[in-house]
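Listed below are the residues making up each chain.
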Amino acid sequence: MTLRDSERYSRQILFQGMGQAGQQRLLDARVVVLGCGALGSFQAGALARAGVGRLRIVDRDYVELSNLQRQWLFDQCDLEQGLPKAVAAARKLAQINSDIFIEPVVADLVPGNADELLGDTDLILDGTDNFETRYLINDYAVSNARPWVYGAAVGSYGITMAVVPGRTACLRCVYPDPPSGVQPTCETTGVLGSVTSLIASLQVSEALKILCGGGPSRKITTVDVWSGEIRQVAEPGPQAECPACGRREFPYLNGERRAPVSLCGRNAVQIHERARPVDLKELAERLAPIGVVRANEFALRFEMPPYLMTVFPDGRAIVKGTTDVGVARSLYARFIGG
Ligand SMILES: [Zn+2]
C-alpha cells in the first residue's frame, strides 16, 4: 500500500472491522457493478471511494433527464453529451479516484455474455431493474460460487440480501420463481432517490464486508422510506430443495427461461412471452400517465414516441420503432416488468 493510499483510506483503515489488512483486500478486489442506474451509480461511486482496485461498470442505456433525480453520478453535461451511462460513470469515477482501474462496458447481460461480463470478478453488485436479469445473475453466481448482493427499489420500498453461495440462501431459496404478471416499475410507479441510495448503501456495506473477509449479515432487509418502516428477517440458509443451489439447475443461465425475441417486420421486435398473464386493464391504468394508451380485451397499444408497444394478454409484446433486441427487452422490463 502506498503512502497516498494510507492517507486516502485512513478513516476506513482506522475502522476496526476493516483495518490495514481489509483495505489491502479491497485494493486487490475485482467487482462488477451490473446496471448503472440509481442503485448502480451509487454503488460504483461508493466502491471507487472505498478503494476497490478494479471496478467493471456494465450498463446498456444512455443518461436521460429523468435519471438525474436519483442517479448520483450523473449530471446535465452527461445528458447534453449523450453519453452511455457506463462511460459517463467511468469518467466521474476517474475524477473521484484515479488510482484504481475502471472498466466501462456498454452491454446488456444475457446468458451468452455472462462469462465475459461477470467472470474474473470477486463479487457482483446488483444494480439491475428486472427479475429476469437477477435470476440470471443468481444462476451464474451459484454455479461459479461467486458472492453477489441483491437489491431492488420501486416507489418508496426497497429490499436487499447478500448471497454467498454455499453459506447463505440464494435468491431462489427465498423466491423460487420470479413474480408473474405486471409488476410495478420505476417508470410506472415512480421511485424516490432516498430509497435507492439507502438500498445501494446497504448493498455496498455487505460488499465491503464480504470482500474484507467478514461474513455477510445473513439478513433480508426491507425498507419503506415513506412509512419509515424497516424490517429484517434472518435469511433461511441454503435450501436442499432449491432449484439453483440445492439441485444445481440453472435454466436462466442456460437460456431456457428467457422468452425468445425475434425481429418482426421492418423496424419491430417481438417478445414471445407466453407464460406471463397480463391484466390489460390494470396495465392501461399504470401506463396512462406516461403515454397514450388504448386497450381492449385483445390487446393494449402504448405509444411513447419513437416507440409503439402492443401487449397481448399472455404477455407477448411487439415493440415498433426499433430493430435492437436489447432496446425492446429494456422497454418491456421498464413498462411491463421484468
Ligand atoms: Zn438456493
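Presented here is an overview of the structure given in this document. (Residues numbered from 1 in each chain as written. Predicted model: local features only at pLDDT ≥ 70, side-chain atom pairs only at ≥ 80, totals over all residues. Heavy atoms only, no water.)

## Brief notes about the coordination of the zinc ion
And then number 1: Around the zinc ion, the donor atoms from the protein are Cys 170 (SG), Cys 173 (SG), Cys 242 (SG) and Cys 245 (SG), and they sit 2.2 to 2.3 Å away.
And then number 2: Seen from the zinc ion, its four donor atoms lie at angles of 93 to 123°, and the figure they make is tetrahedral.
And then number 3: Read N to C, the donor residues that coordinate the zinc ion are spaced as C-x2-C-x68-C-x2-C. Separated by 75 residues along the polypeptide, Cys 170 in the loop between β6 (157-163) and α9 (171-174) and Cys 245 in the loop between β8 (229-234) and β9 (261-263) bring together distant segments of the chain. Cys 245 matches Cys 170 in its accessibility class, with the two residues each being buried. (Donors = N, O, S within 2.8 Å, 3.2 Å for Na, K, Ca; no water. Tetrahedral: all angles 85-135°; square planar, octahedral: opposite > 155°, others 65-115°. Helix = DSSP H or I, 4+ residues; strand = E, 2+ residues; numbered from the N terminus. Buried < 20%, exposed > 50% of the residue type's maximum accessible area, 1.4 Å probe, protein only.)

## Observations concerning the nonpolar core
The nonpolar side chains of a soluble globular protein tend to be buried with one another.
And then number 1: Within the largest apolar cluster, 37 residues are counted, with the highest numbers of intra-cluster contacts made by Leu 47, Val 52, Leu 55 and Ile 57.
And then number 2: Of all the elements in the fold, those that place two or more residues in this core are α3 (19-28), β1 (30-34), α4 (38-50), β2 (54-59), α6 (85-96), β4 (123-126) and α11 (193-211).
And then number 3: Dropping the residues within four chain positions of it, Val 52 is found in contact with Leu 26, Ala 29, Val 31, Leu 47, Ile 100, Leu 208 and Leu 211.
And then number 4: One finds Val 32, Leu 34, Val 58 and Tyr 135 within the second-largest nonpolar core, a separate group that totals 33 residues. (Core = buried A, V, L, I, M, F, W, Y, C linked by side-chain atoms within 4.5 Å. Contact = heavy atoms within 4.5 Å.)

## Thoughts on the pairing of β6
Residues in a regular strand point their side chains to alternate faces of the sheet.
And then number 1: Here β6 lies mainly inside the structure; six of its seven residues are buried.
And then number 2: Sheet topology places strand β5 (residues 148-154) next to β6; seven bridges connect them, and they run antiparallel. The residue of β6 that forms the bridge with Ala 153 is Gly 158.
And then number 3: The hairpin turn running from β5 into β6, its antiparallel successor, is two residues long, and Gly 155 in that turn takes a positive phi close to 60°.
And then number 4: Across four bridges, the pairing between β6 and strand β7 (residues 219-224) is antiparallel. (Pairing = 2+ DSSP bridges.)

## Some points on the sheet that holds β5
And then number 1: Read across the sheet, eight strands follow the order β3-β2-β1-β4-β5-β6-β7-β8 without closing on themselves; strand pairing throughout is mixed. Two strands bound the open sheet, and with one partner strand each, they are β3 (101-106) and β8. Within this sheet the neighbouring strands show an average axis-to-axis angle of 15°, counted without direction.
And then number 2: The pairing of β1 with β4 spans four bridges and is parallel. Pairing of Val 33 across the sheet is with Leu 125, part of β4. (Axes fitted to C-alpha atoms, helices over the stretch in contact; angles between N-to-C directions.)

## Brief notes about the side chain of Gln 71
And then number 1: You can see Gln 71 is positioned in the loop between β2 and α5 (76-80).
And then number 2: Look at Gln 71 and you get buried, because its relative accessible area is 4%.

## Digging into the pattern of salt bridges
And then number 1: Using the criterion set out here, one finds 19 salt bridges in the structure.
And then number 2: A salt bridge links Arg 134 to Asp 126; its shortest N-O distance comes to 2.8 Å.
And then number 3: One salt-bridge network, in which partners are shared between bridges, spans Arg 4, Arg 8 and Asp 99. (Salt bridge = Lys/Arg side-chain N within 4 Å of Asp/Glu carboxyl O.)

## Notes on the environment of Leu 123
And then number 1: The residue Leu 123 is located in strand β4 in this model.
And then number 2: Given the relative accessible area of 0%, Leu 123 is considered buried.
And then number 3: A C-alpha to C-alpha distance of 21 Å links Leu 123 and Glu 249, two positions 126 residues apart in sequence.
And then number 4: Other than its neighbours up to four places away in sequence, Leu 123 contacts Arg 30, Val 31, Val 32, Arg 146, Pro 147, Val 149, Ala 207, Ile 210 and Leu 211.

## A look at the sheet that holds strand β13 (residues 307-311)
And then number 1: One open sheet accounts for six strands, arranged β9-β10-β14-β13-β12-β11; its pairing is antiparallel. Either end of the sheet is taken by a strand with one partner, and the two such strands are β9 and β11 (292-295). Along the sheet, successive strands turn relative to each other by an average axial angle of 15°, direction set aside.
And then number 2: Pairing analysis gives four bridges linking β13 to strand β14 (residues 317-320), with the strands arranged antiparallel.

## Things to note about unusual backbone geometry
And then number 1: A cis amide bond, omega 5°, links Pro 305 with the succeeding residue Pro 306.
And then number 2: Along the chain, Pro 306 falls in the loop between β12 (300-304) and β13.
And then number 3: Phi at Ala 145 takes a positive value of approximately 50°, unusual for a residue other than glycine.
And then number 4: Note on placement: Ala 145 falls in the loop between α8 (131-143) and β5.
And then number 5: Exposure remark for Ala 145: the relative accessible area of 57% places this residue in the exposed category.

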